[in-house]
Each structure stands twice: as C-alpha cells, then as structure tokens.
Amino acid sequence: MNFEHNNLKPEYIREDWEGKWKVFSWLEFVCAIPHVLFMVTTIKENGLANAAFQSWSSFTGEGDNYYIIMSGVMKDTHTYQNIKRDKEFCINFLSSDYLEECRKTIKDNNIASDEISAAGFTLEESMSISAPRIKEGFLKLECEYQWEKELCESSHNITVCGKVKHLSIAEKFAKEMTKEKYGKDSFMFNLHNPMNPFTGKSFGSGVGHIKFSQDL
Ligand SMILES: Cc1cc2nc3c(=O)[nH]c(=O)nc-3n(C[C@H](O)[C@H](O)[C@H](O)COP(=O)(O)O)c2cc1C
C-alpha cells in the first residue's frame, strides 16, 4: 500500500524538538530525498573566516553561466549575514574523511575565531573573491551573489542564488572516470532523518555516498 496524502501534516507526525516545523517541512522527512553536502565559506564582519555545513541545494546553468541555488539558508546564520554584506561566498566539497571537521564548524561557531583553521582545515585564498576556500576540498566554486527569495512569506529560511566566477578541481577528481569518480572519497550526501510516513517514526540521520550502478 502506497502512502498517499496531501501536503497537510498528519496529527501523528510530531516535532522531536520545539520549533522543528518552523524550520523544516514534515514532507522533507517522509520524502527522504538526499542532498549533496558541502561547506560554505565567507568572511565575517571582523575579517575572520566563517565556515558552515550546508545541503539543500541544486546546481545548474547554461554556457558560461553556472549557478548554485541554495534553497534553504537559515536567515539567522552568519553565512547569510556575510553573503548579504559581501555578495560572495565559496562552496567547498569535501569527502566524508572530513566529516568531523565539518561538524566542528557547528560546535565552534564563534565570531572571534577563524572557523576554517579552528575546525582543522587549511585556509586557502580564493582566486576571484575575498572569501577564503578550504584547501582540502576536492571541488571549490567561488561564487558571486545573484538574488534571494523567500519560498514562503516571512519564512525562517531563504533561497540564495550565486553564480560561479571561478572553479578549482583537484587533479585526481578531475581525471577520474565516471565509475571511479564517486564513492567514499567523493561527494557526501545528507540523509536527513528519514521518517516512516505511516507511523511518524524517525529512522535517524546519516551521511551517504554514491555507488556507481550502470552505464547510461
Ligand atoms: C548535515 C547538516 C546540513 C546542514 N545544512 C544546512 C543548510 O542547508 N542550510 C542552513 O542554513 N544550515 C544548514 N545546516 C546548519 C548549519 O551548518 C549551522 O546552522 C551552522 O552553525 C551555521 O553556521 P554560521 O552561523 O557560521 O553560518 C546544516 C547542518 C548539518 C549538520
């Protein structure tokens, strides 16, 4: 039997922390769609590096124009404030070898520290923007802010679009064939606490990889 439902939350699907449905849609958890994870680096008002773990994004474009659409940036984050002020940011993709460093940037979210170095990463200058990059990233996209939009009125999150100005791709990743390009040393995915829609039971969060399946 399929789970068929409209967009209105069933009564038995409850918050496990207060305010959850203000930040997230219940549909996110029952749909269980994975999103690629990355670090966004910006500069704080005091000139120090800011780093934030992010997902909920898509990447697309035409010709020389390539965009990242970060569909859910929390408005109360330093990242959003920094992007609004400086109109630039860098997207850094890291393998799950660096998961602990990525998570550290959430725990040590201190205005007085360089969050790239504090997390154990190496700070690297960008080529086209002032915001720094994370050296350990296998793919880095230096972006300039284009536009933003609230998906629903007065929402907690905002959608931010950036255009890629410059890219840096690690040689190994650049040269790998499709079959070898993904997996443990490549993109990590946010498996955001999938939920059984029939009962409201949460299954727990995780990080995933792509396993090559077949030629297309
Ligand atoms: C797996 C994971 C994914 C996340 N994705 C996002 C995201 O897409 N958007 C967002 O605003 N915060 C996201 N966060 C939360 C931010 O990383 C967190 O709020 C961070 O402290 C913001 O840092 P900042 O205040 O320096 O910008 C995510 C956290 C985790 C653990």
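Residues numbered from 1 in each chain as written. Predicted model: local features only at pLDDT ≥ 70, side-chain atom pairs only at ≥ 80, totals over all residues. Heavy atoms only, no water.

Once that is clear, we can look at the sheet that holds strand 9 (residues 139–149). Taken in spatial order, the 7 strands of this open sheet run 3-2-6-9-10-5-4, and their pairing is antiparallel. Edge positions in the sheet fall to strand 3 (49–54) and strand 4 (57–62), since each of these pairs with one other strand and no more. Averaged over neighbouring strand pairs, the angle between their axes works out to 30° when direction is ignored. Summarising the sheet, strand 6 (residues 88–93) and strand 9 pair through 6 bridges and their orientation is antiparallel. Looking across to strand 9, one finds that Phe-93 is bridged to Leu-139. Strand contacts of helix 3 (residues 78–86): strand 2 (38–43), strand 3, strand 5 (65–74), strand 6, strand 9 and strand 10 (157–169), with the helix running at about 50° to strand 2, the strand carrying the most contacts. (Pairing = 2+ DSSP bridges. Helix = DSSP H or I, 4+ residues; strand = E, 2+ residues; numbered from the N terminus. Axes fitted to C-alpha atoms, helices over the stretch in contact; angles between N-to-C directions. Contact = heavy atoms within 4.5 Å.)

Right, let's talk about the site of the ligand for a bit. Taken together, the neighbourhood of the ligand is formed by 17 residues, with Phe-53, Trp-56, Gly-72, Met-74 and Thr-79 sitting nearest. The contact in question runs from a nitrogen atom of the ligand to an N or O atom on the side chain of Gln-54, over 3.1 Å. Take His-78: an N or O atom from its main chain is 2.9 Å from an oxygen atom of the ligand. With the chains in place, 84% of the 640 Å² that the ligand exposes on its own is no longer accessible. One can see that the ligand is located within the largest pocket. (Near = heavy atom within 4 Å. Polar contact = N/O pair within 3.5 Å; in protein donor to acceptor, adjacent residues only side chain to side chain. Areas by Shrake-Rupley, 256 points an atom, 1.4 Å probe, with all protein chains shown as cover. 1 Å grid on protein atoms, 1.4 Å probe; cavity = no way out; pocket = protein on both sides within 12 Å on 5 of 7 lines; lining within 4 Å. Sits in = over half its atoms within 2 Å of the grid points.)

What follows concerns the pattern of salt bridges. Between side chains of opposite charge, a pair can form as their charged atoms come close. The tally for this structure, following the rule as stated, stands at 13 salt bridges. The closest approach of N and O atoms between Glu-11 and Arg-14, which form a salt bridge, is 3.7 Å. Glu-11 sits in the exposed class, given a relative accessible area of 63%. Residue class for Arg-14 comes out exposed when judged on its relative accessible area of 53%. A salt bridge links Lys-44 to Glu-115; its shortest N-O distance comes to 2.8 Å. Highlighted residues: Lys-44 in the loop between strand 2 and strand 3 and Glu-115 in helix 5 (residues 115–118), separated in sequence by 71 residues. Looking at Lys-44, the relative accessible area reads 2%, which means it is buried. Among the charged side chains, a network of salt bridges with common partners joins Glu-124, Arg-133, Lys-140 and Glu-142. (Salt bridge = Lys/Arg side-chain N within 4 Å of Asp/Glu carboxyl O. Buried < 20%, exposed > 50% of the residue type's maximum accessible area, 1.4 Å probe, protein only.)

Phe-38, Met-70, Phe-89, Ile-91, Phe-93, Val-160 and Phe-187 are the most contacted members of the largest nonpolar core, which totals 22 residues. Going through the elements one at a time, strand 2, strand 5, helix 3, strand 6, strand 9 and strand 10 are the ones with two or more residues in this core. If we skip the residues at most four places from it in the chain, Val-160 touches Ile-68, Ile-69, Met-70, Val-73, Tyr-80, Ile-83, Tyr-145, Trp-147 and Glu-148. If you look at the next biggest cluster of nonpolar residues, it comprises 11 residues, including Leu-37, Ala-49, Cys-102 and Phe-121. (Core = buried A, V, L, I, M, F, W, Y, C linked by side-chain atoms within 4.5 Å.)

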